[in-house]
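# Descriptive analysis of the structure
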Amino acid sequence: MADAVLSLNVGSSSIKFALYGVGSTDALEVIAAGKIEGIGSSPHFIARDGSGRILVERRWENAAGGHELLLDELLTWIDKTAGAERLLGIGHRVVHGGAGFAAPVRITERAVAALSAFIPLAPLHQPHNLAAIQAATALRPGVPQVACFDTAYHQTQPPVATRFGIPRALSDEGIRRYGFHGLSYEYVARALARLDPSMASGRVIAAHLGNGASLCAMAGGRSIDTTMGFTALDGLVMGTRCGAIDPGVILYLEQAKGMRAEEVQQLLYEDSGLLGVSGVSSDMRDLLASPAESARQAVELFVYRIAREAGALVSSLAGLDGLVFTAGIGENSPAIRALVCERLAWLGLEIDAQANAAGAATISTANSRVTVRIIPTDEERMIAMHTLDIITPHRARTA
Ligand code: ADP
């Protein structure tokens, strides 16, 4: 069995993971990938090998403990699958790295303490990311662990793109735009450089459309602007998050409606977005299948805001050569891709209906002034690559 590296992406009710073998060629081969979902209710664990064959599937009928217990189950299963002595390291997705963490870091107690300061900036994700780091460190104290940040890829943005129009002292304190989904965008940028170097060297908007959703403006593969800001609440309308909103609404909710900060947080992060607008579901598949007018309006708003924000990023880039769709909705929904592209037709962007329906790698026509591609993202692989770079810096490898 080859040496292995484990990527962990831990959320409020799920643990996503991927275990890679680090072969003699230093390519990363999937040994097993999967998730434990439904943590806190009835957890379901499934793992597949690199060809998609199910290696293990298990359900627990009751809550069966929280994250730590289930992480223990996962690590024990991985020890059996990979051989405990072969686990070189564990890489963790950490949503917020603030201004200080511009690149992945080896985990130390000091790093965890510094990262805890960002919990209020990413309340849906950061506490779970850090709890997983602490649990994995306790369960496998001998295995080096690395934190990889969703904010880091955006550190190349010019200061003007990250500044808010607020008093300078607050900006200096770190109240600025950071941007998220960086591991996904970094993976997409690298994949694009391999698949289409000419497009990668130009002006590209990458659209990460999943439960969380954002756009990133890339110039020559580097982030120059993005729709998420200080927190992952800004920008597009998402599954349950509101996206960009007049800050006056928040003042109104607190002052006129007497809502407490925690209630506003719950409203904006968990009860808004597609779920709030439709009253039906946060899941795009449900909305596309629903006959409800409110579901149609939620989809319409989702698409409208993508096109509007894309227009802003075209201005940041001073033009557009390519558009990339990625993540759950971007990779799997021809309907949403078609609606977004229709609204962006003014850019000379034209999609091939058949290629779009088939989910082809390139979905624009030969005449389109903007090349439109689908690139499946792989945040777990990006985490594994960073983790190996940190723990075995002498290795040179291919993705
Ligand atoms: P997360 O942000 O949790 O990683 P994903 O990237 O997995 O989310 O995206 C989840 C979203 O993708 C959900 O809204 C889901 O409905 C949507 N999705 C997945 N498959 C399809 C599909 N075939 N058509 C439309 N939406 C889809």
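Residues numbered from 1 in each chain as written. Predicted model: local features only at pLDDT ≥ 70, side-chain atom pairs only at ≥ 80, totals over all residues. Heavy atoms only, no water.

Per the secondary structure count, the chain includes 16 helices and 13 strands. Computed over C-alpha atoms, the radius of gyration of the chain comes to 21 Å, within 12% of the 21 Å expected from 2.2 N^0.38 for 399 residues, which places it in the range of a compact globule. With the C-alpha coordinates of the chain rotated into their principal frame, the extents come out at 55 × 55 × 45 Å. Taking all 399 residues of the chain together, the buried fraction comes to 54%. (Helix = DSSP H or I, 4+ residues; strand = E, 2+ residues; numbered from the N terminus. Rg over C-alpha atoms; globule rule 2.2 N^0.38 Å. Buried < 20%, exposed > 50% of the residue type's maximum accessible area, 1.4 Å probe, protein only.)

The sheet built from 5 strands is open, its strands ordered E11-E10-E9-E12-E13 with mixed pairing. The open sheet has two edge strands, strand E11 (222-226) and strand E13 (371-374), and neither has a second partner. Direction aside, the axes of adjacent strands within the sheet are offset by 25° on average. Two strands pair when backbone bridges link them, and strand E10 (residues 213-219) and E11 are joined in this way by 4 bridges, in the antiparallel orientation. In the sheet register, methionine 218 faces E11, and the bridge partner there is serine 223. The strands touched by helix H14 (residues 334-343) within the sheet are strand E12 (322-326) and E13, with E12 carrying the most contacts at an inclination of about 155°. (Pairing = 2+ DSSP bridges. Axes fitted to C-alpha atoms, helices over the stretch in contact; angles between N-to-C directions. Contact = heavy atoms within 4.5 Å.)

This paragraph deals with the pairing of strand E6 (residues 87-94). Among the 8 residues of E6, 7 are classified as buried, and the element is accordingly described as predominantly covered. With 5 bridges joining them, strand E1 (residues 3-10) and E6 adopt parallel strand pairing. Paired with valine 5 across the strands is glycine 89, a residue of E6. Where E6 and strand E8 (residues 145-149) come together, 5 bridges link them in parallel fashion. Along E8, the bridge assignment pairs isoleucine 90 with glutamine 145.

Geometric values such as these leave the question of function open.
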